[in-house]
Amino acid sequence: MTLLQVMAADNAAEVRVRTTDAAEIATELAKHGIAYSHWDVLDNAAATDSDTLLAHYAPRIAELNASGRYRHIDIARIHPDADNPDWPATAAGARAKFLDEHRHAEDEVRFFAAGRGCFYLHLGDAVLATVCEAGDLLSVPAGTLHWFDMGATPDFIAIRFFEEADGWVGDFTGDKISAGFPTLDALLAAS
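Note that the structure is a prediction, hence the values are computed from the model and not measured. (Residues numbered from 1 in each chain as written. Predicted model: local features only at pLDDT ≥ 70, side-chain atom pairs only at ≥ 80, totals over all residues. Heavy atoms only, no water.)

1. Considering the overall build of the protein chain
Defined as follows: By definition, any uninterrupted DSSP run of H or I lasting at least four residues is a helix, any uninterrupted run of E lasting at least two residues is a strand, and each is numbered from the N terminus. Throughout, radius of gyration means the C-alpha value; the globule benchmark is 2.2 Å times the number of residues raised to the power 0.38. Relative accessibility thresholds used throughout: buried, under 20% of the residue-type maximum; exposed, over 50%; partly exposed, between the two (1.4 Å probe, protein chains only). Two residues qualify as a contact provided that any one of their heavy atoms is within 4.5 Å of a heavy atom in the partner residue.
A tally of helices and strands in the protein chain yields 5 helices and 11 strands. For the protein chain, the C-alpha radius of gyration of 16 Å lies close to 16 Å, the compact-globule estimate for 191 residues. Projected onto the principal axes, the alpha-carbon positions of the protein chain cover approximately 45 × 45 × 30 Å. Out of the 191 residues in the protein chain, the part that is buried amounts to 44%. A separation threshold of at least 6 residues defines the contact pool for the protein chain, and within that pool the share at least 24 residues apart is 75%.

2. A few points about the nonpolar core
Which entries qualify depends on this criterion: The nonpolar core is taken to be a set of buried Ala, Val, Leu, Ile, Met, Phe, Trp, Tyr and Cys residues, with the residues joined through side-chain atoms within 4.5 Å.
Core analysis: the largest hydrophobic core is formed by 23 residues, its most contacted members being Leu-29, Phe-119, Leu-121, Leu-128, Leu-138, Phe-148 and Phe-156. Each residue touching Phe-119, except ones within four places of it in the same chain, is listed here: Glu-108, Arg-110, Phe-112, Leu-128, Ala-129, Thr-130, Cys-132, Leu-138, His-146, Trp-147 and Phe-148.

3. Focus on the environment of Thr-183
By the secondary structure assignment, Thr-183 is in the loop between β11 (171-172) and α5 (184-189). Classification of Thr-183 as partly exposed rests on a relative accessible area of 34%. As for Thr-183 and His-102, which are separated by 81 residues in sequence, their C-alpha atoms are 17 Å apart. Sequence-distant contacts of Thr-183, that is, excluding residues within four places in its chain, are made with Arg-95, Tyr-120 and Asp-149.

4. Here's the deal with the pattern of salt bridges
Where charged atoms of side chains with opposite charge meet at close range, the side chains can pair. The following threshold applies: Salt bridges are counted wherever a side-chain nitrogen of Lys or Arg sits within 4 Å of a carboxyl oxygen of Asp or Glu.
Summed over the entire model, instances satisfying the criterion amount to 13 salt bridges. Between Glu-28 and Lys-31 there is a salt bridge, with its nearest N and O atoms 3.2 Å apart. Residue Glu-28 is classed as buried on the basis of its relative accessible area, which comes to 16%. Classification of Lys-31 as exposed rests on a relative accessible area of 61%. Note that Arg-95 and Asp-185 form a salt bridge whose closest N and O atoms lie 3.9 Å from each other. Taken together, the residues Arg-95 in helix α4 (residues 87-97) and Asp-185 in helix α5 connect sequence positions 90 residues apart. The exposure class assigned to Asp-185 is partly exposed, which follows from its relative accessible area of 35%. A cluster of three or more residues bridged by salt bridges with shared partners is formed by Glu-14, Arg-16 and Asp-125.

5. Details of helix α1 (residues 22-30)
Rule in force here: What the arc describes is the spread of directions from the helix axis to the C-beta atoms. Pairing of N or O atoms within 3.5 Å defines a polar contact, subject to two protein rules: one partner must be a possible hydrogen donor and the other a possible acceptor, and residues neighboring in sequence count only if both atoms are side-chain atoms.
If you check which residues of α1 are buried, you get Ile-25, Glu-28 and Leu-29. Down the axis of α1, the buried side of the element spans an arc of 95 degrees, and every buried residue falls inside it. On its buried side, α1 packs onto β1 (3-8), β2 (11-19), β3 (35-38), β6 (108-123), β7 (126-133) and β8 (136-140). Structurally, the start of α1 carries an N-cap: the backbone nitrogen of Ala-23 is 3.3 Å from a side-chain oxygen of Asp-21.

6. Brief notes about the pairing of β6
Looking along a regular strand, one sees the side chains alternate between the two faces of the sheet. Our working definition: For two strands to be treated as a pair, DSSP must find no fewer than two bridges joining them.
Burial analysis of β6 places 14 of its 16 residues in the buried class, the great majority of the element. As judged from the 4 bridges shared by β6 and β8, these two strands associate in the antiparallel manner. Bridge assignment links Arg-110 to a residue of β8, and that residue is Leu-138. Bridging between β6 and strand β10 (residues 156-162) involves 6 bridges; their strand directions are antiparallel. Pairing of Ala-114 across the sheet is with Ile-157, part of β10.

7. Some remarks on the state of the cysteines
The line we're drawing: What counts as a disulfide here is a pair of cysteine sulfur atoms lying within 2.5 Å.
For the structure on display, the rule yields 0 disulfides. Note on Cys-118: no disulfide assigned, nearest cysteine sulfur contributed by Cys-132 at a separation of 7.5 Å. Taking relative accessible area as the criterion, Cys-118 reaches 0% and is therefore assigned buried. When its relative accessible area of 0% is taken as the criterion, Cys-132 is described as buried.

8. Structural notes on α4
Residues of α4 that are buried: Trp-87, Ala-91 and Arg-95. The buried residues of α4 occupy one face: seen down the axis, they fall within an arc of 65 degrees. Considering only its buried residues, α4 is in contact with β4 (72-78), β9 (145-149) and α5.

As structure tokens, then:
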């Protein structure tokens, strides 16, 4: 379920907004300069190779990138692999990589073709936990303090848009604010 939960930055228990209404989510995020929209979902995206996914979404990608701003567009995927004994450690490492607050030098634009993940946007006195599901497109402006949780069992496919090849590099603040907020799994369990 796509979800937005707005909490006080100094007290995660102070929930100011909690909604699954797409229009309400888009309106709330737009107040902060964050673009949110929804694209149609390709059936069985998880079993579709990356080139086919990019070809399927080519018209939407071209529309989003009409200015040619994004010179590097790729796909990130992570799926549970019960046959790989190293998968739990790989998943935990991937999850831990972006759980701390950071920012990027360029916009962070992601389209979830499958699965889910949660962007936590630290905007002044609020943290906006934005759970994105298959079909959700989120554009977080450059310099926005945030962190990302892919859950205890990461499972998603995301099309990523970059201006520069190293646009994904995080500038970590050292602030451990993320430790005081509910994880993706906890947000979903509270539904």
